[in-house]
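Structure assessment
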Amino acid sequence: MKETVLEPVDRRILAILQEDATVAIAEIAERVGLSATPCWKRIKRMERDGVIGRRVAILDREALGLGVTVIVAVRTAQHGDEWLQTFADGVARIPEVVEFYRMSGEIDYLLKIVARDIADYDRIYRKLTKVAPLHDVSSSFAMQEIKSTTALPLFD
C-alpha cells in the first residue's frame with residue numbers, strides 16, 4: 001500500500017477520530033474549521049484509501065475479567081511457508097491472542113495474549129503448543145500496564 005498524502009486538516013480529523021470515533025461529523029467539522037460536507041468527504045476518502053481501516057469500540061480488559069497480559073516469545077526450528085501458514089492459521093483461531101508478529105533476531109514470533117488468570121493462560125498455552133511444532137515458548141507476565149494506546153502518531 002502506498003503512503004497517502006494527508007493535509008494538516010486530515011491529520012486533525014484523524015486525531016479526533018482516534019480519540020473518539022463516535023464524534024458527530026458536524027462536531028468534527030466545527031473543530032477542524034470545515035463545513036460538514038467537505039469534512040464527511042475527507043473522512044470517506046480516507047476510508048476508501050485505507051487510511052481509516054475500521055472504527056471499533058475499545059473494551060476494558062479488567063471489566064471483562066481479562067486481567068492478565070502475557071507476552072509470549074516463540075522460537076521454531078521450521079521456517080517454511082507451509083509451517084508458517086499452519087501456525088498463523090492456528091494462532092488466528094485463538095481469540096485470546098490479540099497481537100501476533102513475525103520478528104527478526106533471536107525470537108521468531110511474538111504474541112500478546114490476554115487471559116483471566118494464570119490457570120486460564122495455561123489453558124491457552126496448551127492450545128498454542130498444539131498448533132504446530134515449536135522449539136521454545138517463553139512467557140512473560142505483565143506486572144503493570146504503563147502505556148497502551150491504539151492512537152498512531154500524526155505529524156504535520
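Scope of this entry: the structure provided in the associated data block. Just so you know, these numbers come straight off a predicted model, no measurement behind them. Once a new chain begins, its residue numbering starts again from 1 and follows that chain's sequence as written. Whole-chain, interface and lining totals are the exception, using all residues; otherwise, since this is a predicted model, local features are given only for residues with pLDDT of at least 70 and side-chain atom pairs are given and counted only at 80 or more. Side-chain metrics in this entry use all non-hydrogen atoms of the structure; hydrogen atoms and water are not considered.

**A look at the overall build of the chain**
Check the secondary structure of the chain and you find five helices and four strands. N-terminal to C-terminal, the α/β element order of the chain is α-α-α-β-α-β-β-α-β. For this measure, only C-alpha atoms enter the radius of gyration; the expected value for a globule follows 2.2 Å times N^0.38, where N is the number of residues. Taking 15 Å as the expected radius of gyration for a compact globule of 156 residues, we find that the chain reaches 20 Å, considerably beyond that expectation. Based on the C-alpha atoms only, the size of the chain along its principal axes is roughly 55 × 35 × 25 Å. Remark: exposure states derive from per-residue accessible area (1.4 Å probe, protein chains only) relative to the maximum for the residue type, with buried under 20%, exposed over 50%, and partly exposed in between. For the chain, the residues scored as buried account for 28% of the 156 residues in total. The criterion used for residue contact is that any of the two residues' heavy atoms lie within 4.5 Å. Residue pairs at least 24 apart in sequence account for 63% of intrachain contacts in the chain once pairs closer than 6 positions are excluded. Only the protein chains shown count as covering a residue, and every accessible area follows the Shrake-Rupley method with a 1.4 Å probe. Taken as a whole, the chain presents about 10800 Å² of accessible surface, with 52% of it coming from carbon and sulfur. For the charge count, each Lys or Arg is scored as positive and each Asp or Glu as negative, with His and the chain ends excluded. Charge placement uses NZ in Lys and CZ in Arg. For Asp and Glu, CG and CD serve respectively. For the chain, the centre of its 22 positive side-chain charges and the centre of its 24 negative side-chain charges are spaced 4 Å apart. Secondary structure follows DSSP: runs of H or I at least 4 residues long count as helices, runs of E at least 2 residues long count as strands, and numbering of each begins at the N terminus.

**Some points on the pairing of strand β2 (residues 97-102)**
Pairing between strands requires that DSSP locate at least two bridges from one strand to the other. As judged from the five bridges shared by β2 and strand β3 (residues 109-115), these two strands associate in the antiparallel manner. For Tyr-101, the partnering residue across the bridge sits in β3 and is Leu-110.

**Section: the pattern of salt bridges**
We count a salt bridge whenever a side-chain nitrogen from Lys or Arg sits within 4 Å of a carboxyl oxygen from Asp or Glu. Enumeration according to the criterion identifies 13 salt bridges in this entry. Arg-123 serves as the salt-bridge partner of Glu-96, at 2.9 Å between the closest nitrogen and oxygen. Here the residue Glu-96 occupies a position in the loop between α4 (81-92) and β2, and Arg-123 occupies one in helix α5 (residues 118-129), the gap between them amounting to 27 residues. Each member of the salt-bridge network shares a partner with another, and the members are Glu-7, Asp-10, Arg-42 and Arg-45.

**Section: the packing of aromatic side chains**
Ring pairs are drawn from Phe, Tyr and Trp, using the six-membered ring of Trp, whenever the two centres fall within 6.5 Å, and their geometry is named by plane angle: stacked under 30 degrees, edge-to-face over 60, tilted for the rest. Counted under the stated rule, the structure contains seven aromatic pairs. Judged by centre distance (6.0 Å) and plane angle (40 degrees), the rings of Phe-100 and Tyr-109 are tilted. For Tyr-109, a relative accessible area of 4% gives the class buried. With 5.5 Å between their ring centres and 90 degrees between their planes, Tyr-121 and Phe-141 make a pair best called edge-to-face.

**A look at the environment of Ile-16**
Assignment of secondary structure puts Ile-16 in helix α1 (residues 8-19). C-alpha separation for the pair Ile-16 and Ile-113, spaced 97 residues apart in sequence, amounts to 29 Å. What Ile-16 contacts, discounting residues up to four positions off in sequence, is Val-23, Ile-28, Arg-31 and Val-32.

**Considering the sheet that holds β2**
Taken in spatial order, the four strands of this open sheet run β2-β3-β1-β4, and their pairing is antiparallel. Either end of the sheet is taken by a strand with one partner, and the two such strands are β2 and β4 (136-141). Mean inter-strand twist for the sheet, computed between neighbouring axes without regard to direction, equals 20 degrees. One ladder, built from six bridges, connects strand β1 (residues 68-75) with β4; its direction is antiparallel. Bridge pairing in β4 links Val-70 to Phe-141. Axes here refer to lines fitted to C-alpha atoms; in helices the fit is confined to the stretch in contact. Angles between the N-to-C directions go from 0 to 180 degrees. With respect to the sheet, α4 is in contact with β1, β2 and β3, its orientation differing from that of β2 by roughly 165 degrees. Across the sheet, α5 touches β1, β3 and β4, and the angle it forms with β3 is around 140 degrees.

Remember that the coordinates give geometry; whether it matters functionally is a separate question.
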